[in-house]
Amino acid sequence: MAEAHQAVGFEFTVIPEGADAQLSHQALTEIYLSAVNSWKKCIIRIKNSVIRGVYPASPFSWLFVVIAILATMYTRSDPSMGLIAKIQENLPFFFYCFSLNSDTQCKVLLSAVIFSTMLWLLLIFTMRLCLKQLLSYHRWMFEPHGKMSTTTKVWVALVRIFSGRKPRLYSYQASLPNLPVPAVKDTVKRYLESVRPLMDDAQYEHVTKLAAEFESSLGNRLQWYLKLKALWVTNYVSDWWEEYVYLRGRNPIMVNSNYYVMDFLYVTPTPIQAARAGNTIYAMLLYRCKLNKEEIKPVGSALGTFPCCSYQFERMFNTCRIPGTLTDTIQHWKDSDFIVVYHKGRYFQLYVYQDGRLLCPREIEFQIQRILDDPSPASKGEARLGALTAGDRIPWAKARAKHFNSGINKKSLDCIEKAAFFVTLDDEEQSIVGDNLGESLDCYIKSLLHGKCYNRWFDKSFSVVFYKNGKSGLNGEHSWGDAPVLTHLWEYTLATECFQLGYNAEGHCKGEVDASLAEPQKLNWEISSECEEQISQSLEVAQALANDVDMHVVVFRDFGKAKVKKCRVNPDAFIQIALQLAYYRDQKRFSLTYESSMTRLFREGRTETVRSCTNESCAFIRALEGGETTDVCRRLFRTASEKHQRLCRMASTGAGIDRHLFCLYVVSKCLGVESPFLKELESEAWRLSSSHIPYQMIDLFDTVNHPEYLCYGGGFGPVTDDGYGVCYLMLGGDVLTLHISCKNSCPDTVIFYHLKAAFYDLGSLRLPSLPMFL
């Protein structure tokens, strides 16, 4: 009850003389500090808006322009060519009514300032327009590696000039080009080329006829609507992609949509669970402070010059996916000064600020330890409440509307949904046990992907998991943003936690603890029997899905990115061709292959599909498996590698296939028209779905002296029941990790047995185009 009494700021008592009102100084202090903190945040937002609004110029450049114009005027010149005099003649009376009897000099000065401001704004608009045109140049991506043309060199110099000195996170947003709408004939042509190796002659002839009919009739009508949309929005794909691919999915998002990111593999900075949580949470909140102040550098692509869109960063924190019967929604709050922690079936609200300051790592550790030591049991129905977010979306939406729309349940649910992020203190241990690296890793990544199906809140933008022995990891919700955005946070967190914050000799966080910290507040629930039944049903669905998922991590250490690049071979193409080879050996056939490629070179861009199974890669694999000569294999491999690189570049520059076809399909559904060609596309199965998550802040890690301090990537569930999900990460020069998922219910999915052999075959003398690595 002590916390309850401290929370009361206004005490009202009745005494014989009448009513006596006493104000609590502590409450007034808290109100004052909250107001100061709120105003600080408001000022920061206004400041950032001004800086972002005048970019690529700076606010101080306005003063420079004004001084320059005034100095020119005092030399008896008129830089405005008569415009200042015109402004002076048409100035409203109230602009200078308080000046000294309409002093002429004051009028001239005010007119000059107005003209200077107009000139300054015109210069900003011109610079921004020029920068947008420069950022629309993509030919640099198609030039040979290491050979930069004169045009590209000039382009790089101009971009650097127009980008200003210190661009902030969102500085480039208004200057990024819009995603172009490809021509229907180009998309259809590329589509037919991509499916040719997967079809026999009769099938291909059938699809070709459907495509020709679509291109000549309905395609042009749908394209007209799509171009109309592109005129009114910044990105013609992203809103529909978020809505129809993610938010309208009615199946569980656990496994099917959410993904995970691992901790260090061979290093655990501290075995103390609370200490690891203390430093990690503090580092994440530091990142959020930088994010709010827009102090994070814009993420750039190749050449270090071309900026990527940063809009996905806006919803990283304080965000939750809200279930609905027809479609979910993404709810984002401006700020949140607390997190929600789950431990042994209980939920706690943990405030991470006191008196307007962020708690230090040692204080956060102290608060986390309080939760770990709390002996209170979970209330009725609370322990497995999170299963609602792991099951089907419609039952969760109905349960939320019926059982969590008022009273204690609504208050507690609001705490979870409005929290900065979600934290799970797992009562299990995850690490490398003995020499059995494979089995330990498989158990670890399965735990990150779905846990017990109720000890994560899968609707939160991301959940941080801390295991009993100090290991950690992330589980990310996919609709608000893509994995590279969340891994940017995770890289910063790991580097800050280990190399800046550190731990003392006992493994605890550094710093002192304020004894006045209020205890974390346990959330209360009133779960009815009907709601408990729904929780059990959702848990049953989630557990069946989790039990059917088979996860494996392949750690390949014999050669990696550096040695492949020395052979003048693109590492991503090398891995994709190896995946095709392994799949062919596994299934004795080729499959439609999905590789995600970012389109963040455009405003509000997300991803595009690279169809990695090509005529060229299939020709190489047939030659290799058929025992063709060395020269033939060398030539076909080079051709397949170059084709893959070109497809990746085309996808990144807006010339992909699948997002355009997806939007045409959405338009056809809105118009209520059927297209046999688009229906054929809808039935395609992506049995091999792959993704590559690169390191974006490798400079934060000392890979030479501390190569063990590297995250070993992450992964996701399989896209189809008879397919694979493959996520790979190339670490340094000699490590490659692949996270592979499939379904236990499909007995034919054993691709991971063939992967290492495929890498050896491509890197050994069986493919003489590459030197002997081993």
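From a predicted model like this one, the values you see are computed outputs, not experimental measurements. (Residues numbered from 1 in each chain as written. Predicted model: local features only at pLDDT ≥ 70, side-chain atom pairs only at ≥ 80, totals over all residues. Heavy atoms only, no water.)

**Observations regarding the nonpolar core**
A general feature of soluble globular proteins is that nonpolar side chains tend to end up buried together.
Line of reasoning, step 1. Within the largest apolar cluster, 114 residues are counted, with the highest numbers of intra-cluster contacts made by I281, M316, Y347, I368, F421 and F462.
Line of reasoning, step 2. With 10 residues, the single largest contributor to this core is helix α16 (residues 483-501).
Line of reasoning, step 3. Domain assignment of the residues forming this core places at least three in each of domain 3 (185-244 + 551-764) and domain 4 (253-298 + 311-549).
Line of reasoning, step 4. Counting 52 residues, the second largest nonpolar core, distinct from the first, contains Y55, L131, Y594 and I657. (Core = buried A, V, L, I, M, F, W, Y, C linked by side-chain atoms within 4.5 Å. Buried < 20%, exposed > 50% of the residue type's maximum accessible area, 1.4 Å probe, protein only. Helix = DSSP H or I, 4+ residues; strand = E, 2+ residues; numbered from the N terminus. Domains from an automatic or database assignment.)

**Regarding the packing of helix α10 (residues 238-247) against helix α22 (residues 658-671)**
Line of reasoning, step 1. Two numbers describe how α10 lies on α22: the axes approach to 11 Å, and their chain directions differ by 75 degrees. What the angle tells us is that α10 and α22 run roughly perpendicular. Contacts from W240, W241, Y244 and V245 of α10 reach α22 at R659, F662, C663, V666 and V667. (Axes fitted to C-alpha atoms, helices over the stretch in contact; angles between N-to-C directions. Parallel < 35°, antiparallel > 145°, perpendicular 65-115°, else oblique. Contact = heavy atoms within 4.5 Å.)

**A short note on helix α19 (residues 571-587)**
Line of reasoning, step 1. In this model, α19 (17 residues) spans 24 Å end to end at C-alpha, consistent with the 24 Å of a helix rising 1.5 Å per residue.
Line of reasoning, step 2. Within α19, 16 of the 17 residues are buried, which leaves the element mostly enclosed by the surrounding structure.
Line of reasoning, step 3. For α19, the N-terminal capping position is held by N570, with its side-chain oxygen 3.1 Å away from the main-chain nitrogen of D572.
Line of reasoning, step 4. One or two residues past the end of α19 sits K588, with phi positive at roughly 65 degrees. (Expected span 1.5 Å × (residues − 1). Polar contact = N/O pair within 3.5 Å; in protein donor to acceptor, adjacent residues only side chain to side chain.)

**Some thoughts on the confidence of the model for the protein chain**
Line of reasoning, step 1. Overall, the predicted model of the protein chain reaches an average pLDDT of 85, with 87% of residues at or above 70.
Line of reasoning, step 2. Within the protein chain, helix α1 (residues 2-7) has the poorest average pLDDT of any element, 36, and strand β10 (residues 422-425) the best, 98.
Line of reasoning, step 3. Taken as a whole, residues 1-21 scores under 50 in pLDDT and shows 17 contacts with residues more than four places along the chain or in a different chain. (pLDDT = per-residue confidence, 0-100.)

**Comments concerning the pattern of salt bridges**
Line of reasoning, step 1. Going through the model one piece at a time under the given rule, you end up with 36 salt bridges.
Line of reasoning, step 2. The salt bridge involving K380 is made with E532; its shortest N-O contact spans 2.6 Å. On the criterion of sequence distance, the pair formed by K380 in the loop between α12 (361-373) and α13 (393-403) and E532 in helix α17 (residues 529-548) is long-range, its members being 152 residues apart.
Line of reasoning, step 3. You can call K380 partly exposed: its relative accessible area is 48%.
Line of reasoning, step 4. Residue E532 is classed as partly exposed on the basis of its relative accessible area of 26%.
Line of reasoning, step 5. For the salt bridge of K669 with E674, the shortest nitrogen-to-oxygen distance reads 3.6 Å.
Line of reasoning, step 6. With relative accessibility at 45%, the residue K669 sits in the partly exposed group.
Line of reasoning, step 7. Under the relative-accessibility criterion, E674 is labelled exposed at 59%.
Line of reasoning, step 8. Taken together, the salt bridges that share partners define one network made up of R250, R321, D328, R393, D459 and E477. (Salt bridge = Lys/Arg side-chain N within 4 Å of Asp/Glu carboxyl O.)

**Comments concerning the UniProt feature "active site" (unreviewed entry) in the protein chain**
Line of reasoning, step 1. Per the UniProt annotation, the sites labelled "active site" (unreviewed entry) are H478.
Line of reasoning, step 2. Within the secondary structure layout, H478 lies in the loop between β12 (472-476) and α16.
Line of reasoning, step 3. H478 sits in the buried class, given a relative accessible area of 17%. (UniProt positions renumbered as here; feature names shortened; annotations may be inferred.)

**Observations regarding helix α14 (residues 407-418)**
Line of reasoning, step 1. The end-to-end C-alpha separation of α14 is 17 Å, in line with the 16 Å expected for 12 residues at 1.5 Å each.
Line of reasoning, step 2. Those residues of α14 that sit buried are N409, S412, L413, C415, I416 and E417.
Line of reasoning, step 3. Tucked into the core, α14 has its buried residues touching β4 (319-322), β6 (338-343), β7 (346-351), α13 and β10.

**Some remarks on the environment of L579**
Line of reasoning, step 1. Relative to the assigned elements, L579 resides in helix α19.
Line of reasoning, step 2. In this structure, the C-alpha to C-alpha distance between L579 and L688, residues 109 residues apart in sequence, is 8.8 Å.

**Examining the sheet that holds strand β11 (residues 462-466)**
The pairing of strands in a sheet happens through backbone hydrogen bonds and is either parallel or antiparallel.
Line of reasoning, step 1. Spatially, 8 strands are ordered β13-β7-β6-β10-β11-β12-β3-β18 in an open sheet, and the strand pairing comes out mixed. Every other strand in the sheet has two partners, leaving β13 (521-522) and β18 (714-716) as the edge strands with one partner each.
Line of reasoning, step 2. In the sheet, β7 pairs with β13 via 2 bridges, with the strands oriented antiparallel. Residue pairing in the sheet places Q349 in a bridge with Q521 of β13.
Line of reasoning, step 3. Sitting on the sheet, helix α11 (residues 273-292) touches β6, β10, β11 and β12, and the angle it makes with β11 is about 150 degrees.
Line of reasoning, step 4. In the packing of α14 onto the sheet, the strands contacted are β6, β7 and β10, and the crossing angle to β6 comes to about 110 degrees. (Pairing = 2+ DSSP bridges.)

**Describing the sheet that holds strand β16 (residues 607-611)**
Line of reasoning, step 1. Spatially, the 6 strands line up as an open sheet ordered β14-β20-β19-β17-β15-β16, and their pairing is mixed. Each of the sheet's edge strands pairs with one partner strand only, and the pair in question is β14 (549-556) and β16. In this sheet, neighbouring strand axes are inclined to one another by 25 degrees on average, regardless of whether the strands run parallel or antiparallel.
Line of reasoning, step 2. With 3 bridges joining them, strand β15 (residues 593-598) and strand β17 (residues 688-692) adopt parallel strand pairing. Looking at the pairing, E595 lines up with S690 of β17.

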